[in-house]
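Residues per chain are reported as follows:
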Amino acid sequence: MLRTYTMRRQDSVLWALSVLMALTALVMPLSLSSGIVQAAQIEAREVTISDSGAAATSVENAFSFSLGTAGEVESIEFEYCEEAIPLATCTAPTGLDVSAATYTSQSGWDGATAFAMDLTGANDCIAAANKACVTRTDTTSETADNVAITIDGITNPTASETVFVRIYTYLDGDWDPADLVDAGTVAFATVNQLTLTAKVAETLDFCVGDTDADSANDCTDITGTTVDLGILDTSTVNESSVDGAVGDQNGYVMIRSNASNGVDVDYSGNTLTSGANTIPANGSESALSAGTAGWGMDVTSLDTSNGSTANLTMDGNFDDATNGTVYWGSTGPTVFDDLMDSSTVVDDEMVILDFEATAGIATPTGVYTTTIMFVGTPNY
Amino acid sequence: MAAVAGLFTFVPVNAQHTSPNYEVNEYFFGAGGDIDVSSTNYAARASIGDLGVGKVTSTNYRAFGGFSTTDIEVLEMEVTAATIDFGTLDTYSTATGNGTFNVRNYISEGYTVETMSDSLMYGTEEIDPMTTAAASSASTEQFGMNLVANTSPTTFGAVPSQVPDSTFSFGAAATGYDSPNTYKYQKYDIVAESAKSTGQTDYTISYIVNVSANTPAGTYNQNHNLVVVATF
């Protein structure tokens, strides 16, 4: 059993009395006694709270301590005060409320029976806003080893202050003062909280071109505006990347955004037109047939090597990994169709587009063109 | 001299002795003292001829001796600089800021200060906490802190300051938060501590925040919850 001794004088009269007592001790018996119930001291005691904010709710209090006395412990009182000394005057901290506290867990006890919160209490522990009472039925003799018990659902005081929790253990389960075994005080502090704020601005880099310099790995690499499908005839299906003018005849669409809800990329445009004549768009994802007029767009690949993400997903009409199928879903500049999208941020992800077309026997001669518009929409 | 034998029956009591008009808190056998010696600018608790002062321990007993030694546990913590605005972040530079708090803890076996908060959060998005101590790196998403003086990424922060000096106070930055220019953040970490009863230590927290191009846009916040745990 560990006892703590301290010595201090109260006032000058009593100081003189103590000196007198020392001088007269040789001729007088000196007997000191106390009419107050003694309790051994709980040692190595502490409480860890889950939230130090004033007026915080649903706060957990995790108590750990070493019992001062080996023996049964069937009830415990936790008394929350502004003063530290057990059994002395207790001022309840304003706003503190343990009346709805719940038992959470325990460890280190020799008796396996769990304590339970008693919201009524009895004897020394009448449950109150500043008093929590736990009890159990377990006559196992506890050793003095470290034990722990955690209760939850506590509301902190409304002001920043130091709160002392006086812990009392009892032999029986009803907090009878005659069964008081050990006592000790722990403390916690409610304090201001440091409030940190930081802003991250919205970003969007979106670019379209016919050439990728493949140097900076961002939109500064993407240039150009023209994709050439070459000269169409009925004997073959032209691909822009193969049959176009000398040079790279792919289309490139790259996007970067820190939109936490992702991005959506759409396209629109008329069908290939020469004056009053048109080549019909391929309205379902399929391969063109040489000699049957038609055209469409294909996603050759999704390039994620420029950045650090791989979050774009192609629309179902462009997700065919096999080259040779094309699709075109727009009927005009204001009719947008989905190309690809993501559900989170994207970092310089890029699609490589290929275009195909073929002429039919009845396709009038002419230069057939269309202007394709791409729109990138971030959802922050 | 038979009356001498066994006369001193010193009963260790936790409670105090009272009567209707007087109260005796504790006993002192010595040359003298006063627990309230004060003037306009000074106050003291003084004693002369104490038989022993300070903490003494054995296998089964521990005592704090001394006429002017308080018998009341003391724990005080104060957060003194409460709002830190890092402004608008970019990927080219590191945002920094300082917070301050102090702790005093007496008649104890020491204390720890633990950080109980998540990192800077925007909804469910968080600025990546630096769970391993490391240097600041602009364009890499990081949130970290330490409790020492730094020169990188800029000159800011301060070492723990002992009040009035290091013979009275012993608080220190904890491992992981005690190296200049190295920052860390992990929820539930111990960031400051004292291994013994101590006067006041003033702490300065140095925060850093870096973002990457992929850090989701938004206003990030943290209510930094610091909890002091004192062992008595």
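Since we're looking at a predicted model, the values are computed, not measured.

Trainee: Provide a residue-level description of the confidence of the model for chain A, including the pertinent values.
Mentor: The predicted structure's coordinates, where accompanied by low pLDDT, should not be read in detail. Residue and element names in this part refer to chain A. The predicted model of chain A has a mean per-residue pLDDT of 89, with 88% of residues at 70 or higher. Low pLDDT, under 50, characterises residues 1-14; the predicted model gives this stretch 53 contacts beyond four residues in sequence or across chains. With pLDDT under 50 throughout, residues 21-36 is counted as low confidence; its partners more than four residues away or in other chains account for 25 contacts.

Trainee: Let's hear about the pairing of strand β5 (residues 75-81) of chain A: which residues, and what values?
Mentor: All names here are of chain A. In terms of burial, β5 is largely enclosed, as seven of its seven residues are buried. Of the two faces of β5, the one lined by S75, E77, E79 and C81 and the one lined by I76, F78 and Y80 are each fully buried. Of the pairings in the sheet, the one linking β5 to strand β10 (residues 131-135) comprises five bridges and is antiparallel in character. The residue of β10 that forms the bridge with F78 is A132. Sheet topology places β5 next to strand β12 (residues 162-170); seven bridges connect them, and they run antiparallel. In the sheet register, E77 faces β12, and the bridge partner there is Y168.

Trainee: Could you give an account of the pattern of salt bridges, naming the residues involved and the relevant values?
Mentor: Residues and elements named next belong to chain A. Enumeration according to the criterion identifies 13 salt bridges over all chains in this entry. The salt bridge involving R166 is made with E83; its shortest N-O contact spans 3.9 Å. Here E83 lies in the loop between β5 and β6 (102-107) and R166 lies in strand β12, a separation of 83 residues in the sequence. The class of E83 is partly exposed, set by a relative accessible area of 26%. Among the ionic pairs, R256 bridges to D347, the shortest N-O distance being 3.9 Å. Residue R256 is located in strand β19 (residues 251-257), and its partner D347 is located in strand β26 (residues 346-358); the two are separated by 91 residues in the primary sequence. For the pair R256 and D347, one class covers both residues: buried. Residues participating in the shared-partner salt-bridge network are E77, E79, E83, K131 and R166.

Trainee: Tell me about the sheet that holds strand β3 (residues 43-49) of chain A, residues and numbers included.
Mentor: By definition, the strands of a sheet pair up through backbone hydrogen bonds, in either a parallel or an antiparallel sense. Residue and element names in this part refer to chain A. An order of β3-β4-β11-β6 is seen for the four strands of this open sheet, with the pairing classed as antiparallel. Of all strands in the sheet, those bounded by a partner on one side alone are β3 and β6. Within this sheet the neighbouring strands show an average axis-to-axis angle of 15 degrees, counted without direction.

Trainee: Describe the sheet that holds strand β24 (residues 313-314) of chain A, naming the residues involved and giving the relevant values.
Mentor: One open sheet accounts for four strands, arranged β24-β25-β20-β27 (chain A); its pairing is antiparallel. Across the chains shown, the open sheet's two edge strands, defined by having one partner strand only, are β24 and β27 (373-378) of chain A.

Trainee: Please give an account of the nonpolar core that cites residues and values.
Mentor: By size, the foremost hydrophobic cluster in this structure holds 41 residues, and its most contacted members are B:M77, B:F86, B:F101, B:V113, B:L120, B:L147 and B:Y207. Ranked by size, the runner-up nonpolar core spans 32 residues in total, among them A:I42, A:F63, A:A101 and A:F188.

Trainee: Account for the state of the cysteines, naming residues and giving values.
Mentor: All names here are of chain A. Here the structure, examined in full by the defined rule, presents three disulfides over all chains. A sulfur-sulfur distance of 2.1 Å marks the disulfide that ties C81 to C90. Between C81 and C90, the S-S torsion sits near -100 degrees, and that sign places the bridge as left-handed. What makes C81 buried here is its relative accessible area of 0%.

Trainee: Outline the pairing of β26(A), supporting the account with residue identities and numerical values.
Mentor: Residues and elements named next belong to chain A. The element β26 is largely enclosed, with a buried count of 13 among its 13 residues. Relative to β26, strand β18 (residues 238-239) is paired through two bridges, and the arrangement is antiparallel. The residue bridging N238 from the neighbouring strand is A357, located in β26. Relative to β26, β19 runs antiparallel, the two sharing six bridges. Paired with M254 across the bridge in β26 is M350. Of the pairings in the sheet, the one linking strand β23 (residues 294-303) to β26 comprises nine bridges and is antiparallel in character. Note on β26: the bridge partner recorded for L302 is V351.

The rules behind the values
Residues numbered from 1 in each chain as written. Chains lettered and ligands numbered in written order. Predicted model: local features only at pLDDT ≥ 70, side-chain atom pairs only at ≥ 80, totals over all residues. Heavy atoms only, no water. pLDDT = per-residue confidence, 0-100. Contact = heavy atoms within 4.5 Å. Buried < 20%, exposed > 50% of the residue type's maximum accessible area, 1.4 Å probe, protein only. Helix = DSSP H or I, 4+ residues; strand = E, 2+ residues; numbered from the N terminus. Pairing = 2+ DSSP bridges. Salt bridge = Lys/Arg side-chain N within 4 Å of Asp/Glu carboxyl O. Axes fitted to C-alpha atoms, helices over the stretch in contact; angles between N-to-C directions. Core = buried A, V, L, I, M, F, W, Y, C linked by side-chain atoms within 4.5 Å. Disulfide = S-S within 2.5 Å.

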